[in-house]
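Descriptive structure summary
Residue strings, one per chain:
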Amino acid sequence: MRPSLPTLGEPPKRSRFGSVVVFSLILGGAAGGVWWWKQNKGALPLQQPPAAVAVSPQDAGTTTAAAPTPPPAPVDPLVAAGLQRASVKIDGPLETALVQASGPTVGPALAQVVTRSLVWWVRVPNEILRGDTLDVLYQPREGEEPLVHAVRFVSGKTGQTHRAYRFVVDATARFYQPDGQEMEERLEHSPLDDYEQVTSLLRDGRGHKGVDFKAPVGTPVKAPFTGVVKRKNWNFSSNGNCIELEELGGKRRRALFLHLSELPKSLKAGARFSLGQVIAESGNSGRSYAPHLHYQLMTQDDRVIDPFESHRTYRRTLDADRRSALDAEIRRMDSLLSPPVAGN
C-alpha cells in the first residue's frame with residue numbers, strides 16, 4: 001500500500017526540537033548580556049564636564065582660550081636709578097681692586113675720584129689696610145670721570161665705618177656725612193670763598209705740591225694773608241697765568257696761585273694786598289685739564305707746606321631746613337649700597 005502524498009498547499013510539518021534550540025539560545029544570550037552589564041557598569045568612565053575657559057567680553061561666543069599674562073620682570077633698583085655699584089675688599093692697591101670691580105675703562109678714573117673722599121678719613125695709600133672694605137655708587141659718563149654718589153669705607157686704621165653722600169645745595173653738589181657735616185674740611189682765610197670740590201691734596205699720595213680747588217673760571221681769588229707780589233707768569237707753559245705772594249711779617253710764607261685767568265698788565269711785582277683782598281680770578285690756563293685753582297704754600301727755603309696744616313680748618317653743617325631732604329637721600333643711597341661686601 002502506497003504512502004499518502006501531502007495535499008497541495010498544506011504547510012509542511014516542522015520538528016519541535018529545532019524551535020526549542022533557537023528559543024534556548026535567545027534566552028541564554030539575553031541572560032548573559034544582563035550579567036555582563038551588572039559586572040561592568042561601575043567601570044564605565046564617567047563623562048567629565050568641559051573645563052572652564054576664561055573668555056573676555058570681546059571674545060564671547062568663541063572657544064579660543066586667552067593666553068595667561070606673564071608676571072612683569074623685576075626691575076633692578078640700581079638700573080632704575082641709573083647707577084652702578086663697586087664693592088671691594090682691599091688686598092693690594094686700591095686702583096687694582098676698583099679696576100677688577102668696575103672694569104678697565106672706568107676703574108682707574110673711579111679710583112682717583114674715590115680717593116678724594118678717602119683722604120678726609122685716612123692718609124692714602126699708607127693708611128688703607130688689607131681687609132678694609134669699600135662700597136661705591138657711581139654713574140659712568142662718556143668722556144668724563146665717573147660721578148660718585150655715595151661712598152662707604154670700613155677702615156681698620158680708624159676702626160670706623162665712614163660714609164659720604166653727594167647732595168645738591170643751591171645748584172652745587174657737595175658730599176655730606178650722615179650727621180649733616182660736609183665731608184671736606186675748609187680753610188679759614190681760604191683763597192676761595194666757595195668752590196665745587198677739592199680735587200687734590202698733599203696727603204692723597206699723588207706727590208702733588210698744592211691743593212686743587214675745582215671752581216668755575218672767573219671765581220674771585222683772595223689773598224690768604226697780607227703780602228706783596230714777588231713775581232707773576234713764570235714757567236707759563238705749565239703754570240699758566242700765576243702769582244707768587246710773599247707774606248709780610250708773621251710766618252713769612254709764600255703762596256703760589258696757578259692756572260689763573262688773564263692778569264692785568266698793571267699788576268707788577270711789589271704790589272701789596274691785604275688779607276681777604278681779591279688779587280685775581282681762577283681760570284684754566286697752562287697745563288690744566290679743567291677749570292681750577294692750584295694753591296701752594298711754601299717757606300722761605302722752598303719747603304712745601306700743607307695748607308690744611310697751616311690754616312685753621314672747619315666743616316660746614318647743612319642748614320636744618322634741608323636736613324630732611326638729605327636724610328631721605330641717605331636712606332635711598334643706603335638701600336642701593338646694600339648688600340655690603342661679604343664678610344662685613
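First, a word on what this report is: a plain description of the structure on this page. (Residues numbered from 1 in each chain as written. Predicted model: local features only at pLDDT ≥ 70, side-chain atom pairs only at ≥ 80, totals over all residues. Heavy atoms only, no water.)

Focus: the overall build of the chain
What the chain contains, in helices and strands, is seven helices and 17 strands. For the chain, buried positions account for 38% of its 344 residues. Of all intrachain contacts in the chain linking residues separated by at least 6 positions in sequence, the fraction that spans at least 24 positions is 60%. Only carbon and sulfur atoms are counted for the fraction: they give 55% of the accessible area of the chain, which is about 21000 Å². (Helix = DSSP H or I, 4+ residues; strand = E, 2+ residues; numbered from the N terminus. Buried < 20%, exposed > 50% of the residue type's maximum accessible area, 1.4 Å probe, protein only. Contact = heavy atoms within 4.5 Å. Areas by Shrake-Rupley, 256 points an atom, 1.4 Å probe, with all protein chains shown as cover.)

Quick word on the pattern of salt bridges
Per the counting criterion, the structure on display carries 20 salt bridges. Between R253 and E247 there is a salt bridge, with its nearest N and O atoms 3.1 Å apart. Each member of the pair R253 and E247 is classed as buried. (Salt bridge = Lys/Arg side-chain N within 4 Å of Asp/Glu carboxyl O.)

Examining the sheet that holds strand β1 (residues 84-89)
Hydrogen bonds along the backbone pair up the strands of a sheet, which may run parallel or antiparallel. Pairing is antiparallel in the open sheet, where five strands are placed in the order β1-β2-β3-β4-β5. With partners counted over all chains shown, the strands left at the sheet margins are β1 and β5 (172-176), one partner each. Strand-to-strand twist of the sheet, defined as the mean angle between neighbouring strand axes without regard to direction, takes the value 25°. Across five bridges, the pairing between strand β4 (residues 160-169) and β5 is antiparallel. By the bridge assignment, R166 is partnered in β5 with F175. (Pairing = 2+ DSSP bridges. Axes fitted to C-alpha atoms, helices over the stretch in contact; angles between N-to-C directions.)

Focus: the packing of aromatic side chains
A complete count under the given rule lists four aromatic pairs for this structure. Aromatic side chains F167 and Y176 sit 6.2 Å apart centroid to centroid with 80° between the ring planes, which places their arrangement in the edge-to-face category. The same class applies to F167 and to Y176, which are both buried. Above the plane of the ring of Y195 lies R174, whose end atom (NZ or CZ) is 5.8 Å from the centre. The ring of F308 carries R203 above its face, with NZ or CZ at 5.8 Å from the centroid. (Phe/Tyr/Trp six-rings, centres within 6.5 Å; stacked < 30°, edge-to-face > 60°. Lys NZ or Arg CZ within 6 Å of the ring centre and 35° of its normal.)

A look at the packing of helix α3 (residues 94-102) against helix α4 (residues 107-118)
Describing two packed helices takes the angle between their axes plus the distance from one axis to the other. As a packed pair, α3 and α4 sit with axes 8 Å apart at the nearest point and diverge in direction by 125°. Accordingly, the angle class assigned to the pair α3 and α4 is oblique. You can see that α3 and α4 cross each other, and the crossing is right-handed. Residues L94, E95, L98, V99 and S102 of α3 touch α4, and the partners they reach there are G107, P108, L110, A111, V114, T115 and L118. Residue composition of the contact of α3 with α4, grouped by class: eight nonpolar, three polar and one charged. (Parallel < 35°, antiparallel > 145°, perpendicular 65-115°, else oblique. Left-handed = near helix turned anticlockwise from the far one by under 90°. Nonpolar A, V, L, I, M, F, W, Y, C, P; charged D, E, K, R; others polar.)

So, helix α7 (residues 323-337)
An ideal rise of 1.5 Å per residue puts 21 Å on 15 residues; α7 measures up with 20 Å between its terminal C-alpha atoms. Residues of α7 that are buried include every one of L326, E329, I330, M333, L336 and L337, and no others. Within α7, the buried residues cover an arc of 125° as seen down the axis, which keeps them to one side. Along α7, exposed side chains directed more than 90 degrees from the buried face belong to S324 and R331. Along its buried surface, α7 packs onto α2 (77-81), β1, β2 (133-141), β3 (144-155), β4 and β5. (Expected span 1.5 Å × (residues − 1). Arc of directions from axis to C-beta.)

Things to note about unusual backbone geometry
With an omega of 0°, the peptide bond between V124 and P125 qualifies as cis. Inspection of the secondary structure puts P125 in the loop between α4 and β2. Positioned with a positive phi, A171 is a non-glycine residue whose angle comes to about 70°. Mapped onto the fold, A171 is located in the loop between β4 and β5. Located in the positive-phi region is H259, a residue other than glycine, with phi close to 65°. Considering the arrangement of structural elements, one finds H259 in strand β12 (residues 254-260). With a relative accessible area of 7%, H259 lands in the buried category.

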